Amino acid sequence: MATPPGALDAPAPGSAAWARPATTHPQVLTGARVVLPSGTVPGGRVTVDGTKIVPDTADPHAHVVDVEGHWLVPGFVDLHNHGGGGASFSGTADDVRKAIHAHRRHGTTTLVASTVTDDMDVLVRQAGLLSELAEQGDLAGIHFEGPFIAPCRKGAHSEALLRHPDPAEVRKLIDAARGRARMVTLATELPGGIDSVRMLAEHGVIAAVGHTDATYEQTVEAIEAGATVATHLFNAMPPLGHRAPGPIAALLEDERVTVELINDGVHLHPAALELAFHRAGAGRVAFVTDAMDAAGIGDGHYMLGPLQVEVSEGVARLVEGGSIAGSTLTLDRAFKRAVTVDRLSVEDVVAALSANPARLLGMDDRVGSLEPGKDADLVLLDENFDLKGVMRQGVWVVDPRLA
């Protein structure tokens, strides 16, 4: 996989240069098609001062960056991500930082770290480590995918480590995250599932329906109890049937539910993606990567939790059994595919990659759109929708001036 222009010039994660603003004067990015909540502005301007987007300035000392002929969009927000750059969110603190930086180079400026099924004591320890990085501002929080999922829909999770979603067990992980738990994926039809959904809702943690064998009626019950996300809709759940519509119909039809979609051309047929957009509407879709270590690296052998994974031609599968094991997707690729292959509007894609997940996380006062007062998180794309620049909190992670 090609490295984005300028990425090799970006400072190393954790370095002083990576943390400080690129200039002491305001930066004015001018000439691009700027995608705002109100629509796209041709030849627009975005002004950055320090870490924030600010109202336009007449400061004669402002540093002007001419980005004519490009698209300027908000930084991407990934709700569901297990790693990248050869490192996992199930690893050490250095591994986690490496994975974060790998995805930042591809435009993901806000990221929730997802765990994978493991022993409870391992997950509790990892929750503590990830919560520290969230407290430092490197992560937007933690997503627990497993172990509370259905064995028959386990996907790339170890069946031997799965368990029922007993509320006390779910609460153990939430407490270990020290207020940084954002989402838990559950097979809500299992014993304790509905009570766990209610408990999560009471604690302000998103309950996501996924890796489930639930019926339509059971899924409706989970939504009524407080579930608000469909974990990678269509994948690891019963298919849509005309007599037994299953969870897909229930999740698509309810206005309270945001549906995750993995738009890599492997997890979903384009017709399935079009169906989800048509039924849910652009305001309820969140593109996610479900990425594992190989994202941004390439083919080879990797680990996903305790399971061995082989990546061949960009597709990750378990060595034993052959199930798809997450993805090698980055959100800049999801953006390009959505516009050029799926023929979605740029504005709808921006909503799915930035605004919708930011709102779901309760972070839309800081990220998700290019508005004054929000973090200076932005992505620059050329006319072919290839990534050319990434800024996070006023710092160029991928500098277009080096391309």
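In this text, all values refer to a predicted model and were calculated from it rather than measured experimentally. (Residues numbered from 1 in each chain as written. Predicted model: local features only at pLDDT ≥ 70, side-chain atom pairs only at ≥ 80, totals over all residues. Heavy atoms only, no water.)

Student: Is there a simple way to explain the side chain of T212 in this structure?
Tutor: Assignment of secondary structure puts T212 in the loop between strand 12 (206-209) and helix 6 (216-225). Among the polar contacts listed, one links the side chain of T212 to the side chain of E189, at a separation of 2.7 Å. Apart from the residues lying within four places of it in its own chain, the contact partners of T212 are A150, R153, A187, E189, A236, M237, P238 and P247. (Helix = DSSP H or I, 4+ residues; strand = E, 2+ residues; numbered from the N terminus. Polar contact = N/O pair within 3.5 Å; in protein donor to acceptor, adjacent residues only side chain to side chain. Contact = heavy atoms within 4.5 Å.)

Student: In this structure, what is going on with the environment of I248? I would like to understand it.
Tutor: Along the chain, I248 turns up in helix 7 (residues 246-253). Residue classification places I248 among the buried positions, given a relative accessible area of 1%. Sequence separation of I248 and T289 is 41 residues, and the distance between their C-alpha atoms is 19 Å. Setting aside residues up to four positions removed in sequence, I248 forms contacts with L233, F234, M237, P238, P239 and L240. (Buried < 20%, exposed > 50% of the residue type's maximum accessible area, 1.4 Å probe, protein only.)

Student: Any chance you could explain the nonpolar core here in plain terms?
Tutor: Nonpolar side chains in soluble globular proteins generally cluster together in the buried interior. Within the largest apolar cluster, 93 residues are counted, with the highest numbers of intra-cluster contacts made by L139, V184, L200, L233, L261, F287 and F335. For L139, the residues in contact, after removing those within four places along its chain, are F89, V96, I100, L111, A113, L130, L133 and A134. Core analysis: the second largest hydrophobic core is formed by 15 residues, I53, V67, L72 and A376 among them. (Core = buried A, V, L, I, M, F, W, Y, C linked by side-chain atoms within 4.5 Å.)

Student: Would you mind going over the sheet that holds strand 14 (residues 258-261) with me for this structure?
Tutor: Within the open sheet, the eight strands sit side by side as 6-9-10-11-12-13-14-15. Their pairing is parallel. Two strands close off the open sheet at either side, each with one partner strand: strand 6 (76-81) and strand 15 (285-287). The pairing of strand 9 (residues 108-115) with strand 10 (residues 141-145) spans four bridges and is classified as parallel. The partner of S114 across the bridge, within strand 10, is H143. On the sheet, helix 8 (residues 270-280) packs against strand 14 and strand 15 and is oriented at approximately 145 degrees with respect to strand 15. (Pairing = 2+ DSSP bridges. Axes fitted to C-alpha atoms, helices over the stretch in contact; angles between N-to-C directions.)

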